[in-house]
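# Remarks on the overall topology
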Amino acid sequence: MDKTALQNKMPEKLRRLPEIANNLWWSWNLDARQLFRRLDYPRWRTTQHNPMQMLHEMNVERLEECAADPAFVLYYNKILKRFDEELAAENTWWKTAHADVADKLVAYFSAEFGLHNSLPIYSGGLGILSGDHVKEASDLGLNFVGVGFMYPQGYFRQRIPSHGWQESVYQQLDMSQAPVELVRGENGQPVKISVKIGDSEVYTQVWQVRVGRVNLFLMDTDVPENDPWNRELSARLYSGDNEMRIRQELMLGIGGVRVLRALGLTPEIWHMNEGHSAFLVLELVRELVAAEHLNFHEAALRIRKKSIFTTHTPVPAGHDAFPFHMMEKYFHDFWPQLNLDREGFLNLGKYREAWGEAFNMTVLALKMSGQANGVSQLHGQVSREMWQSVWPDRPVAEVPITAVTNGIHVPTWVASEMRQLFDKYLGADWMDHHDEPNLWTRLTEIPDEMLWRTHEGLRSKLISFLSDRTRRRWVEGRHDATQVLTNGGFLDNEILTLGFARRFATYKRATLIFRDPERLKRILLHAERPVQIIFAGKSHPADDPGKHLIQTVYNIAKSHDWGGRVAFIEDYDMHTGRYLKQGVDVWLNTPRRPREASGTSGMKAALNGVPNLSVLDGWWVEGYNGANGWAIGENNQYDSQEAQDAADAESLYRSLEEEIVPLFYNRDRDGIPRGWVEVMRESIRSNAPMFSMRRMVKEYTDKLYVTAIKS
Ligand SMILES: *Cc1c(COP(=O)(O)O)cnc(C)c1O
């Protein structure tokens, strides 16, 4: 059913429901979520909270029934009013704090955006960060536009058969059931632009995603003008070889600028979230050279002032780099348009990789940006060391890469049960002030019982969500008995639950906790004070070592001697992620320092009163205060990986044995673990404001965007 047919099916009294469903604003507004829940609760669950799909599937009778229910219509009208008011608001933070530059537009480029499960165009942390950034830009009223790809097949869905080796499944997204709209020009035809990639012009159409007040424009090369292989160009996220990668990045950077031009938008600031989009600076220089007949250096000087680059990867091999022959193939007729010769052009990205000299996207972005930053203080430091060679005449401390520590979008990641508790004790308008540390001192007013019972409710909700999910797959014949077990069949509602969910890359050391299996068994299988661990996470399809880690954990989960105390939940995504981070008791994180640039999942846990047990890496170096969770290892680097693993594992076991397990099970007469509740409270108080996306976007705006606008 297309969107016109959907509109025709709507009762007059609920005429604008599709409009609300089509703006992801609903996803972080609790009252709007309630609207769709009330509309059709069973479908709300079976569609994994996808209002667009719900509206398509619902029959007219149920819609008419709601339209005939005065209470429902009243509620609908209330939401509609809020929706209209918020979208039109003039008193936003941006317009108030930065009135003098309020009309300037910020363009934000990212290869992935994690906004909601119904739009699966993200793979992990980077994408969620972009999605959260866009939502907060909307909340703060920034004049902001996002640019990326609409991957019709998205990132893969993970299946793990009982042998434990991850399989990838790609599903075609039904655009009519996703919150996206094809952008059309005045003639009613889809807007298209093209980029010359190799020997052919490659065309792209554009999908618009409404995220509150902000628009996101996503390119999609699946159009009839293109050859079959180019139609596939944007089919999937991060699949294919280096050749595919450079072609995608050409489209993202150069095509992205052209899309904005075609839509009549004129950004003042260009923010590259990771190096994937860095070719955009070349397009900006090309435009300027063509329009004003400047030489490269004059044009570059101007573009640099308006370009901002955020790097995310503290490992050299994690940065995209292309061999020179590939750059020649794709850019030989581009560099003359920049008034550069071959050598001058290649120098923009020249970097010595482990395998030889190549064109590095991060080097290009660093050279062409007036401001650059890492995503935590430690990562800023690591990046200055790593990229010092780009500024050979400067000492490390003067390498111009600053740090803005990541954050999370609080309305998206706070559990609705916690949110209601905060509404009651922090004041009904707490959400408007959630980045102010003072607000959170009022947490002391929440009685221990309330905080604890709310958390216990969330743990139960997690366990029943997981068992429902695997039961459904069992009934559909998609899970065998082993998979029912590994996916949480024996999880217990009452016992201390650790959560570990993230991408399975080797540096994240998912199996560190199994380093001394006998010692861990004594902890997990303790008769009075048992512990269980829930794992989840995908490995990149080409990452066999990562898949080995999954298999190792999986084999443990299904083995008799681990007593059903270890689970591996397949197909980790935003939906399962929300339940996990809200419902476990402790969030475990064991990266090999300093390779976790920031990490954000621990922030989501902390906000919900789930303390972190984490290596002092990324954000946790800044977050940990001695009373709001636990640190694994010390605040320093190790010479050998073996020594680091041994020391971290020892520290992890000690924390569990001596502090965490005893504190959790130390209950008073009312069954409340008072000491534990204090850690929960401190976890929220100290982390929620600091690591909010609001603090982060304000920092980007005040430090970087406004500085660039005024330069
Ligand atoms: C927050 C989040 C991440 C990022 O997790 P890290 O621990 O920071 O790597 C990845 N995937 C999903 C689904 C998330 O919600």
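Rules used throughout
- Residues numbered from 1 in each chain as written.
- Predicted model: local features only at pLDDT ≥ 70, side-chain atom pairs only at ≥ 80, totals over all residues.
- Heavy atoms only, no water.
- Near = heavy atom within 4 Å.
- Polar contact = N/O pair within 3.5 Å; in protein donor to acceptor, adjacent residues only side chain to side chain.
- Areas by Shrake-Rupley, 256 points an atom, 1.4 Å probe, with all protein chains shown as cover.
- Helix = DSSP H or I, 4+ residues; strand = E, 2+ residues; numbered from the N terminus.
- Nonpolar A, V, L, I, M, F, W, Y, C, P; charged D, E, K, R; others polar.
- Pairing = 2+ DSSP bridges.
- Axes fitted to C-alpha atoms, helices over the stretch in contact; angles between N-to-C directions.
- Contact = heavy atoms within 4.5 Å.
- Domains from an automatic or database assignment.
- Buried area = accessible area lost by both parts, 1.4 Å probe.
- Salt bridge = Lys/Arg side-chain N within 4 Å of Asp/Glu carboxyl O.
- Buried < 20%, exposed > 50% of the residue type's maximum accessible area, 1.4 Å probe, protein only.
- 1 Å grid on protein atoms, 1.4 Å probe; cavity = no way out; pocket = protein on both sides within 12 Å on 5 of 7 lines; lining within 4 Å.
- Points joined across faces, edges and corners; volume = space filled by probe spheres on them.
- Phe/Tyr/Trp six-rings, centres within 6.5 Å; stacked < 30°, edge-to-face > 60°.

## Section: the site of the ligand
With respect to spatial proximity, 14 residues lie near the ligand, and among them K508, K581, T600, S601 and K604 are the closest. Side-chain polar atom of K581 to an oxygen atom of the ligand: 2.8 Å apart, as the coordinates give it. A distance of 2.6 Å separates an oxygen atom of the ligand from a polar backbone atom of T600. Bound to the protein, the ligand loses 95% of the 390 Å² it would expose on its own. Broken down by secondary-structure element, the contributors of at least two residues to the shell around the ligand are α9 (125–140), α24 (574–583) and α25 (601–607). Of the residues contributing to the shell around the ligand, the split by class is four nonpolar, five polar and five charged.

## Here's the deal with the sheet that holds strand β20 (residues 612–615)
Each strand in a sheet pairs with another by means of backbone hydrogen bonds, the pair being arranged parallel or else antiparallel. Within the open sheet, the six strands sit side by side as β18-β17-β16-β19-β20-β21. Their pairing is parallel. What marks the edges here is a single partner per strand, and that holds for β18 (566–569) and β21 (629–632). Strand-to-strand twist in this sheet, taken as the mean axis angle between neighbours without regard to direction, amounts to 20°. In this structure, strand β16 (residues 496–501) lies alongside strand β17 (residues 531–536), joined through six bridges in parallel fashion. Pairing of G499 across the sheet is with I534, part of β17. Across the sheet, helix α23 (residues 544–557) is in contact with β17 and β18; its angle to β18 comes to roughly 130°. Against the sheet, helix α27 (residues 641–665) touches β16, β17, β19 (586–589), β20 and β21, its axis set at about 165° to β21.

## A closer look at the domain arrangement of the protein
According to the domain assignment, the protein contains domain 1 (3–88), domain 2 (101–153 + 200–406 + 697–710) and domain 3 (414–691). A separation of 36 Å is found between the C-alpha centroids of domain 1 and domain 2. Roughly 1,000 Å² is buried in total at the junction of domain 1 and domain 2, and carbon and sulfur atoms are behind 55% of that figure. On inspection of domain 1 and its partner domain 2, the count reaches zero salt bridges. Where domain 1 meets domain 2, there are six residue pairs in polar contact (both at pLDDT 80 or more). Grouping the amino acids of the side of domain 1 that touches domain 2 by side-chain chemistry returns five nonpolar, six polar and one charged.

## Side note on helix α17 (residues 377–386)
Counting buried residues along α17, seven of its ten residues qualify, which places the element largely inside the surrounding structure. Every buried residue of α17 is listed here: L378, H379, G380, V382, S383, R384 and M386. In this structure, the buried residues of α17 make contact with β12 (350–353), β14 (371–374), β15 (402–403) and α26 (620–623).

## Describing the pattern of salt bridges
Under the counting rule described, the total for this entry stands at 57 salt bridges. R16 serves as the salt-bridge partner of D84, at 2.8 Å between the closest nitrogen and oxygen. Of this pair, D84 sits in helix α7 (residues 70–88) while R16 is found in the loop between α1 (3–9) and α2 (17–21), placing the two residues 68 residues apart along the sequence. With a shortest N-O distance of 2.6 Å, R509 and D645 are connected by a salt bridge. Here R509, found in the loop between β16 and α22 (517–524), pairs with D645, found in helix α27; they are 136 residues apart in sequence, far enough to count as distant.

## Quick notes on the sheet that holds strand β11 (residues 321–322)
Within the open sheet, the three strands sit side by side as β11-β13-β12. Their pairing is antiparallel. Of all the strands in the sheet, the pair left with one neighbour each is β11 and β12. In this structure, β11 lies alongside strand β13 (residues 356–360), joined through two bridges in antiparallel fashion. Paired with A321 across the two strands is N360, which belongs to β13. On top of the sheet, helix α14 (residues 324–331) reaches β11, β12 and β13; it is set at about 40° to β13, its chief contact. Helix α16 (residues 361–368) contacts β11, β12 and β13 of the sheet and is inclined by roughly 55° relative to β13.

## Regarding the layout of surface pockets
Estimated volume of the second largest pocket: approximately 840 Å³. Contributing to the lining of the second largest pocket are 34 residues, with Q48, Q53, N117, R157 and Q171 lying nearest its centre. Mapped by element, the contributors of at least two residues to the lining of the second largest pocket are β3 (157–159) and α20 (448–475). In terms of residue count, α20 provides more of the lining of the second largest pocket than any other element does, three residues in total. For the lining of the second largest pocket, the class distribution of residues is nine nonpolar, 14 polar and eleven charged.

## Section: the pairing of β13
Burial analysis of β13 places four of its five residues in the buried class, which makes it a mostly covered element. As paired elements, β12 and β13 share four bridges and run antiparallel to each other. Each residue of the ladder has a partner; that of K350, found in β13, is F359.

## Brief notes about unusual backbone geometry
Put simply, R593 and P594 share a cis peptide bond, and its omega is 0°. Mapped onto the elements, P594 comes out in the loop between β19 and α25. In this model, R509 sits at a positive phi of 50°, which is unusual for a non-glycine residue. A residue is classified by how much of its surface remains accessible, and R509, at 5% relative accessible area, is buried.

## Some points on the packing of aromatic side chains
Here a ring pair, both rings aromatic, is described through the centre-centre distance and the interplanar angle of the planes. Scanning the model with the defined rule gives 32 aromatic pairs in all. Between Y155 and F156, the aromatic rings sit 4.8 Å apart at their centres with planes inclined by 50°, giving tilted as the arrangement. The same class applies to Y155 as to F156, namely buried. Ring-pair connections join several aromatic residues into one group, and the members of that group are F500, F504, F514, F535, Y554, W562 and F568.

## Side note on empty space enclosed by the protein
Tallying each qualifying case throughout the model produces five cavities of 30 Å³ or more. For the largest cavity, the calculated volume is near 150 Å³. In this structure, the largest cavity is lined by 13 residues; those nearest its centre are R33, H116, N117, H575 and R578. Sorting elements by how many residues they give to the lining of the largest cavity places α24 first, with four residues.

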